[in-house]
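# An overview of the molecular structure
Take a look at the letters that make up each chain.
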Amino acid sequence: MENLISLVNRLQRACTALGDHGEETALPTLWDALPSIAVVGGQSSGKSSVLESVVGKDFLPRGSGIVTRRPLVLQLHRLDEGREYAEFGHLPRRKFTDFAAVRKEIADETDRETGRSTKQISTVPIYLSIYSPNVVNLTLIDLPGLTKVAVDGQPDSIVMDIENMVRSYIEKPNCIILAISPANQDLATSDAIKISREVDPKGERTFGVLTKIDLMDKGTDAVDILEGKAYRLQFPWIGVVNRSQQDINKNVDMIAARRREREYFAQTPEYKHLAHRMGSEHLGKILSKHLEAVIKSRIPGLQSLINKTVIELESELSRLGKPIATDAGGKLYMIMEICRTFDGIFKEHLDGVRPGGDKIYNVFDNQLPAALKRLQFDKHLAMENVRKLITEADGYQPHLIAPEQGYRRLIETALILIKGPAEAAVDAVHGVLKELVHKAINETVELKQYPSLRVEVGNAAIESLDRMKEESRKATIQLVEMENSYLTVDFFRKLPQDVEKGGNPTHSIFDRYNDSYLRRIGTTVLSYVNMVCGSLRNSIPKSIVYCQVREAKRSLLDHFFTDLGKKEGKQLGKLLDEDPAIMQRRISLAKRLELYRAAQAEIDSVAWSK
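Not measured: the values here are computed from a predicted model.

With that settled, consider the overall build of the protein chain. A tally of helices and strands in the protein chain yields 23 helices and nine strands. Looking at the 610 residues of the protein chain, the share that counts as buried comes to 48%. A separation threshold of at least 6 residues defines the contact pool for the protein chain, and within that pool the share at least 24 residues apart is 80%. Carbon together with sulfur atoms contributes 52% to the accessible area of the protein chain, which is approximately 30700 Å² in total.

Here we take up the nonpolar core. Most often, soluble globular proteins keep nonpolar side chains buried together rather than apart. F342, F346, I418, V437, L453 and L557 are the most contacted members of the largest nonpolar core, which has 70 residues in total. Sort the elements by how many residues they give to this core and helix α20 (residues 515-555) lands first, with 13 residues. If sequence neighbours within four positions are ignored, L557 has contacts with C339, F342, V457, A460 and A461.

Between helix α11 (residues 328-351) and α20, whose axes approach to 9 Å, the crossing angle comes to 150°. For the element pair α11 and α20, the recorded crossing hand is left-handed. Along its contact with α11, which presents D343, F346, K347, L350 and D351, the element α20 presents V549, A552 and K553. When its residues are assigned to classes, the contact of α11 with α20 shows four nonpolar, no polar and four charged.

For an α-helix, 3.6 residues make a turn, and residues three or four places apart therefore share a direction. Most of helix α3 (residues 47-55) sits out of view: nine of its nine residues are buried. Looking only at α3, the buried set comprises K47, S48, S49, V50, L51, E52, S53, V54 and V55. Two residues or fewer after α3 comes G56, characterised by a positive phi angle close to 85°.

On to the side chain of E84. You can see E84 is positioned in the loop between β2 (72-78) and β3 (85-88). Within polar-contact distance, the side chain of E84 engages the side chain of K57 at 2.6 Å. A polar side-chain atom of E84 sits 2.6 Å from a polar atom in the side chain of S132. Ignoring sequence-local partners within four residues, the contact set of E84 consists of K57, T97, F99, Y131, S132, P133 and N134.

With that out of the way, let us pick up the environment of T114. Here T114 lies in helix α4 (residues 99-114). By relative accessible area, which is 11% here, T114 ends up buried. Each C-alpha atom, one on T114 and one on R69, is 8.1 Å from the other, the two residues being 45 residues apart in sequence. The contacts of T114, once residues within four sequence positions are left out, are R69, R70, Q120, I121 and S122. Separated by 2.7 Å, the side chains of T114 and R69 make a polar contact.

Moving on to the packing of aromatic side chains. Tallied over the full model, the rule gives eight aromatic pairs. Each ring, one from F88 and one from F96, has its centre 5.2 Å from the other, and the planes form 80°; the classification is edge-to-face. Judged by its relative accessible area of 2%, F88 falls in the buried class. Taking relative accessible area as the criterion, F96 reaches 3% and is therefore assigned buried. Taken together, the ring pairs connect Y264, F265 and Y271 into an aromatic cluster.

In this fold, L410 is placed in helix α15 (residues 404-415). The sequence separation of L410 and V386 amounts to 24 residues, and the corresponding C-alpha distance is 7.2 Å. Filtering out sequence-adjacent residues up to four positions away, L410 remains in contact with H380, L381, V386, L389, I390, I521 and V525.

Non-glycine residue K212 carries a positive phi angle of around 55°. Within the element layout of this structure, K212 appears in the loop between β8 (206-211) and α7 (223-226). Looking at K212, the relative accessible area reads 22%, which means it is partly exposed. In this structure, Y231 takes a positive phi of about 50° despite not being glycine. Residue position: Y231 is located in the loop between α7 and β9 (238-239). With relative accessibility at 30%, the residue Y231 sits in the partly exposed group.

Taken residue by residue, the protein chain gives an average pLDDT of 84. The fraction at 70 or more is 90%. Per-residue pLDDT, averaged within each element of the protein chain, yields its smallest value for helix α1 (residues 4-18) (69) and its largest for helix α16 (residues 419-443) (96). Across residues 22-27 the pLDDT falls below 50, and counting only partners more than four positions away or on other chains, this stretch makes ten contacts in the model. Segment residues 499-510: pLDDT under 50, and eight contacts once partners within four positions in sequence are set aside and those in other chains are kept.

Scoring rules and cut-offs
- Residues numbered from 1 in each chain as written.
- Predicted model: local features only at pLDDT ≥ 70, side-chain atom pairs only at ≥ 80, totals over all residues.
- Heavy atoms only, no water.
- Helix = DSSP H or I, 4+ residues; strand = E, 2+ residues; numbered from the N terminus.
- Buried < 20%, exposed > 50% of the residue type's maximum accessible area, 1.4 Å probe, protein only.
- Contact = heavy atoms within 4.5 Å.
- Areas by Shrake-Rupley, 256 points an atom, 1.4 Å probe, with all protein chains shown as cover.
- Core = buried A, V, L, I, M, F, W, Y, C linked by side-chain atoms within 4.5 Å.
- Axes fitted to C-alpha atoms, helices over the stretch in contact; angles between N-to-C directions.
- Left-handed = near helix turned anticlockwise from the far one by under 90°.
- Nonpolar A, V, L, I, M, F, W, Y, C, P; charged D, E, K, R; others polar.
- Polar contact = N/O pair within 3.5 Å; in protein donor to acceptor, adjacent residues only side chain to side chain.
- Phe/Tyr/Trp six-rings, centres within 6.5 Å; stacked < 30°, edge-to-face > 60°.
- pLDDT = per-residue confidence, 0-100.

Rendered as structure tokens:
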């Protein structure tokens, strides 16, 4: 089975390349879920020397005060053979074979972030991978040394800033803590032990490393601590002997330093019985073994996180929509597809799949009938108005039998009043259709990506509705005018005649201007007008639906599509003016999704091979 640490290292490198380690996103990150080891210790505790001993290379910057001013994520990759080299995350295609150059690049990259002349710190990590036949597969995070006072050039908050940075790493449940403490100081004052116990009170993920054992005062030793009798941790303490400053100055190599460390523990009477589990070589092996066991235990949780995140990323990408096509044909097709989606949503509102279309029926069933009822035909057909219109229609010669011209004038002037409710119904349906257009635009997710296209589609749809409204207005008014242009003769034939079968007039010509006669005329005209209103109440909705609703469903964006076909690629591109932040977000999410799918496949293959 492939080494689990190598798998995690590979996933962490991929996370590093994407910046997928907890910043700028609320989505869970693979980086946080992958187990790692954070190296914690006070300044001058020997932390850098321990790391160099584990790696077997002299590669870390040295000096007084705070030397480590940024987290260093150190990934060790064991090679079966070949020359050892290093790679930085910020210089991915450059291999360093000179580890003095590695040291210089760490210092330079720190200065680029924090400034060369300051002693400021930064939470932005440096990522370094070392490939060598002399290392074990391991990931270590070297953190700035804990301090109690600020030095010249540092803000007073530096003490708390470093502590907060260290705490942000080691408080994560997937972080293994490597607590470095010097043996020649009282462990009760150890910064590393103090902060480790605060975040890991049971010591379930803390390894204690005791440095500078060879520098303890004569007559003292660290046996009680190393045997677990004092300051007991769940995992046994490991003692190391680092290179002295004299060794460093003389450039004593790590191979020789490791040999002398082994000899020290094997030949010192107090530690001879512990020699098999002391030293930096043993430390590297025990950490690698423990890290692999932790990773193995986390595989189900990793699978769950990865599967959940893949679903979330796919959902987020779906919400952001497809990326913009590069060629004119692709852009045109993309715009047409978005417009069809909008048109489909608009039709769903009309057809009742989505809410809103019922408002049109409300215009026909309530608003139009109510408006017709409010027409004051009774005032129009009051006796005085009837007398006035009939007299005016007779001119200088009074009618002989029935005031036909008077009837016509009364009917025409009454029916003209119906134009108001008819036009109001046209306007009301137009208002509903515009409202549904706005709803459909807001519900078309793809249009949210492209503000210019959204405006153009909205304007084109409203312009179409305006044209349809004018056609509907003409057709609806024509219905009223048709009723005016030709009266229904059968209605009047069924009325009682003024002359009885015997041929004798019921009234004299003079009597036909009396109140009873005029009242009868008004009643007859009102009855006819009510009949016409009943007919128009049914025909006006048909005209409106035919001219507005049906046309809106059939050809809402036809003019827009015609104009669209005439546009060149550059003009089409202006319609697809997606927010650059959204474009960048989509690219970032697509890369993360690719990473998580690859991780999904790798983790699953490891899980199946267990």
